[in-house]
Amino acid sequence: MPANKIRVRFAPSPTGKLHVGNARTALFNWLHARKTGGTFILRIEDTDISRSLRHYETTLIDTLRWLGIDWDEGPDIGGPFGPYRQSERIESYRAYLKKLTDAGLVYPCYCTDEELNAERQQMLARGIAPRYSGKCRSLTEAQRQRLESEGRKPAIRFKVERGMVRLNDLIHGPVNFNTNLIGDFIIVRSTGLPAYNFAVVVDDALMKVSLVIRGEDHLSNTPRQILLYEALGFKPPQFAHHGLLLGADRSKLSKRHGVTTVEQLKEQGFVPEAITNYIAWIGGSLSGSQEILSTSEMIGAFDVRKAGKNAAVFDLAKLKWMNAKYLKRLPPETVLDHWLALGTERGLLDKKRLLQIVPLVKDNIENLGQLEELFDIFTEKNVAFSMEAEEVLRADSSAKVLKVMASALQTLDAPRSKDAYNALIKEVKRMSGYSGKKLFLPIRAALTGEMAGPELEKIFCNLDKDTLLHRIERALELKDRSSDI
Ligand code: GLU
């Protein structure tokens with residue numbers, strides 16, 4: 001492998017569904033790999049066994065794939081630096097722990113959570129930024145044995161010496177950290193499992209990761225990781241910490257903002273093409289002023305130095321706008337497949353028919369969920385009238401328009417062309433004396449049950465004469481009933 005080959009990775013913990021912010025991190029890494037001809041690795045960080053679930057790993061993988069993000073090495077496809085699941089790499093962590101132990105750079109810590117918490121509270125009370133006091137660093141062998149004989153299982157801490165850690169972040173520029181503020185930190189938990197900072201360094205080094213692109217919330221971990229790289233004799237990778245995805249109140253996007261996971265967006269009828277475009281574009285991470293970009297345009301416009309430099313505020317309204325644009329642009333087959341993936345019984349029955357209808361309605365929706373109702377217009381005999389539609393249909397002028405329309409329709413042989421539609425409307429206009437809203441709204445309300453939707457011409461051309469007449473009759477009955485009261 002060439003020494004300067006770009007290798008990036010996305011390293012989710014399988015403790016829940018894919019957060020939109022994490023999807024953005026994955027996308028940035030993917031865009032960078034695809035732009036530079038580098039390698040994109042998926043690594044599952046599942047050493048927190050109390051919170052990690054295999055089921056979440058499967059969901060993460062499915063969601064990434066659904067978004068159109070693929071990887072070159074990963075737990076499902078393998079690769080030259082596997083395994084790609086941390087729970088299967090315990091031997092490597094053990095080997096590197098031995099190296100640190102032999103070099104005298106780590107020590108066992110017997111403090112319990114309660115003791116550490118008490119220490120923390122005391123420091124806070126004294127106005128000191130809390131960090132580990134180093135209490136167990138100087139225990140004698142005899143003291144250690146006594147604590148072990150009490151049944152205490154030690155965690156392993158890394159010794160942090162006084163000094164500065166310098167980082168030249170691709171997004172933040174130079175950042176200096178004073179190690180005084182860090183304190184000896186845990187690299188192996190008392191359960192024997194590696195802590196995040198240790199496992200991530202061993203893995204990134206062994207997997208030859210050249211650039212770590214991740215959220216700014218990890219910036220404070222980076223000096224610890226750099227210290228470990230140095231202690232283990234590894235060259236640290238480059239780092240790029242991007243800004244986090246924020247809610248409208250500019251705090252990190254979280255549950256209280258409503259939508260937080262990609263799966264929720266999927267359930268709400270957003271298509272993956274719109275989601276990836278939106279999360280790549282938001283916060284000015286792509287160069288140029290173009291808002292809607294194809295995948296290859298996105299790759300071309302991506303610059304890791306700019307990615308996430310500014311805060312990115314998640315605006316659902318803007319995403320809805322983008323979704324509507326994508327629904328218009330995407331081929332009908334793709335739109336239908338996305339809709340079918342949401343799970344519907346209808347699709348299984350008449351996919352062919354639905355594929356004819358999708359082009360008629362996809363310009364009128366902003367989410368896939370709206371398709372269901374619009375399909376009804378073309379597949380059901382009756383439509384349900386909305387309150388507003390009922391109100392329109394109760395007007396005398398509407399009854400007149402519909403009566404004229406019914407008789408004009410009856411004389412038409414094959415009412416299915418654009419010309420026939422135009423001729424019919426002209427005739428109804430002439431005979432009823434109405435035009436504009438007074439003419440079109442009752443027709444729309446009668447044929448669709450709604451006040452807005454697909455163009456009337458499309459409805460006219462795609463419904464048989466009987467259905468058109470039947471709906472007009474039902475609308476007129478509604479009017480008759482209301483005059484009886
Ligand atoms: N497992 C960590 C997370 O999900 C990875 C962080 C990193 O990229 O180093 O936050």
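The preceding data block contains the structure.
Just so it is clear, the structure is predicted and the values come from calculations on it, not from any experiment.

Now for the overall build of the chain. Along the backbone of the chain there are 21 helices and 11 strands. Taken over the C-alpha trace, the chain has a radius of gyration of 31 Å; the compact-globule value for 485 residues is 23 Å, which it surpasses by more than 25%. For the C-alpha atoms alone, the extent of the chain along its principal axes is close to 105 × 55 × 40 Å. Looking at the chain as a whole, 49% of its 485 residues qualify as buried. Partitioning the intrachain contacts of the chain with sequence separation of at least 6 by distance along the chain shows that 75% fall at a separation of at least 24. Put simply, the chain shows about 23,400 Å² of open surface, and 50% of that area lies on carbon and sulfur atoms.

Before going further, it helps to spend a moment on the packing of aromatic side chains. Aromatic ring pairs: the centre-centre distance and the angle between the two ring planes describe each pair. Counted by the stated rule, this structure contains 8 aromatic pairs. Between the aromatic rings of Y96 and F234, the centroid separation amounts to 5.4 Å while the plane-to-plane angle is 50°, which identifies the pairing as tilted. Highlighted residues: Y96 in helix α3 (residues 90–102) and F234 in the loop between α7 (222–232) and β9 (238–242), separated in sequence by 138 residues. On the numbers, 4.9 Å between centres and 75° between planes, the contact of W339 with F375 is edge-to-face. On the criterion of sequence distance, the pair formed by W339 in helix α12 (residues 332–341) and F375 in helix α15 (residues 370–379) is long-range, its members being 36 residues apart. Among the aromatic side chains, those forming a connected cluster through ring pairs are Y278, W281 and F314. Sitting over the ring of F185, R224 keeps its end group 5.9 Å from the ring centre.

Time to look at the pairing of strand β8 (residues 211–215). The element β8 is largely enclosed, with a buried count of 5 among its 5 residues. In the sheet, β8 pairs with β9 via 5 bridges, with the strands oriented parallel. Following the sheet pairing, V212 is matched in β9 by F239. Of the crossover connections in this fold, the one passing from β8 over α7 to the parallel β9 is right-handed.

Let us look at the sheet that holds strand β4 (residues 155–158). Two pairing modes exist for strands in a sheet, parallel and antiparallel, and in both the strands are linked by backbone hydrogen bonds. Strand order across the open sheet formed by 3 strands is β3-β4-β7, with antiparallel pairing between neighbours. Strands at the two margins of the open sheet, each flanked by one partner only, are β3 (106–109) and β7 (185–188). With direction set aside, neighbouring strand axes in the sheet form an average angle of 45°. By the bridge criterion, 4 bridges tie β3 to β4 in an arrangement that is antiparallel. Across the sheet, residue P108 finds its bridge partner in β4, namely I156.

This part covers the state of the cysteines. Within the structure shown, the criterion is met by 0 disulfides. Between C136, a cysteine without a disulfide, and C111, which holds the nearest cysteine sulfur, the sulfur-to-sulfur distance is 3.7 Å. In this structure C136 comes out as buried when scored by relative accessible area, which is 4%.

Excluding glycine, residues mostly have negative phi values, and the peptide bonds linking residues are mostly trans. A cis amide bond, omega -5°, links G82 with the succeeding residue P83. With respect to the helices and strands, P83 occurs in the loop between α2 (54–66) and α3. Its identity is not glycine, yet K208 carries a phi of approximately 55°, on the positive side. Structurally, K208 can be placed in the loop between α6 (196–206) and β8. Within the chain, R250 stands out as a residue other than glycine whose phi angle is a positive 65°. With respect to the helices, strands and loops of the structure, R250 is situated in the loop between β10 (245–246) and α8 (262–267).

Attention now moves to the pairing of strand β2 (residues 39–42). The side chains of a regular strand alternate, residue by residue, between the two faces of the sheet. Residues T39 and I41 of β2 are buried on one face, and the alternating residues F40 and L42, pointing to the opposite face, are buried as well. As defined by bridge partners, strand β1 (residues 7–10) adjoins β2 across 4 bridges and the pair is classed as parallel. Directly across from F10, in β2, lies its bridge partner L42. As for the winding sense of the linkage, the β-α-β connection from β1 through helix α1 (residues 20–36) to β2 is right-handed.

Quick look at the packing of helix α17 (residues 396–410) against helix α19 (residues 436–448) now. Interaxial distance between α17 and α19 falls to 9 Å at its minimum, and their mutual angle equals 70°. In terms of orientation, α17 and α19 fall into the roughly perpendicular class. For the pair α17 and α19, contact is made by S397, S398, V401, L402 and M405 and by K438, L439, P442, I443 and A446, respectively. Across the contact of α17 with α19, the residue classes tally to 7 nonpolar, 2 polar and 1 charged.

Quick look at the packing of α17 against helix α18 (residues 418–432) now. Contact geometry of α17 with α18 gives a least axis separation of 9 Å together with a crossing angle of 130°. The angle between the axes of α17 and α18 places the two elements in the oblique class. The interaxial crossing formed by α17 with α18 has right-handed handedness. On α18, the residues touching K400, V401, V404, M405, A408 and L409 of α17 are L424, E427, V428, M431 and S432.

Turning our eyes to something else, we now look at the site of the ligand. Around the ligand, a shell composed of R9, A11, S13, E45, Y196, V200, R214 and H218 is seen. Residue S13 places a side-chain N or O atom 3.0 Å away from a nitrogen atom belonging to the ligand. Burial of the ligand by the protein amounts to 82% of the accessible area it has alone, namely 300 Å². Partitioning the shell around the ligand into residue classes produces 3 nonpolar, 2 polar and 3 charged.

Before going further, it helps to spend a moment on the side chain of D204. As for its placement among the helices and strands, D204 is situated in helix α6. In terms of polar contacts, D204 uses its side chain to reach the side chain of R9, at 3.0 Å.

Basis of the calculations
- Residues numbered from 1 in each chain as written.
- Predicted model: local features only at pLDDT ≥ 70, side-chain atom pairs only at ≥ 80, totals over all residues.
- Heavy atoms only, no water.
- Helix = DSSP H or I, 4+ residues; strand = E, 2+ residues; numbered from the N terminus.
- Rg over C-alpha atoms; globule rule 2.2 N^0.38 Å.
- Buried < 20%, exposed > 50% of the residue type's maximum accessible area, 1.4 Å probe, protein only.
- Contact = heavy atoms within 4.5 Å.
- Areas by Shrake-Rupley, 256 points an atom, 1.4 Å probe, with all protein chains shown as cover.
- Phe/Tyr/Trp six-rings, centres within 6.5 Å; stacked < 30°, edge-to-face > 60°.
- Lys NZ or Arg CZ within 6 Å of the ring centre and 35° of its normal.
- Pairing = 2+ DSSP bridges.
- Right-handed = clockwise from strand over helix to strand, strands pointing away.
- Axes fitted to C-alpha atoms, helices over the stretch in contact; angles between N-to-C directions.
- Disulfide = S-S within 2.5 Å.
- Parallel < 35°, antiparallel > 145°, perpendicular 65-115°, else oblique.
- Nonpolar A, V, L, I, M, F, W, Y, C, P; charged D, E, K, R; others polar.
- Left-handed = near helix turned anticlockwise from the far one by under 90°.
- Near = heavy atom within 4 Å.
- Polar contact = N/O pair within 3.5 Å; in protein donor to acceptor, adjacent residues only side chain to side chain.

All quantities given are derived from atomic positions and should not be read as evidence of function.
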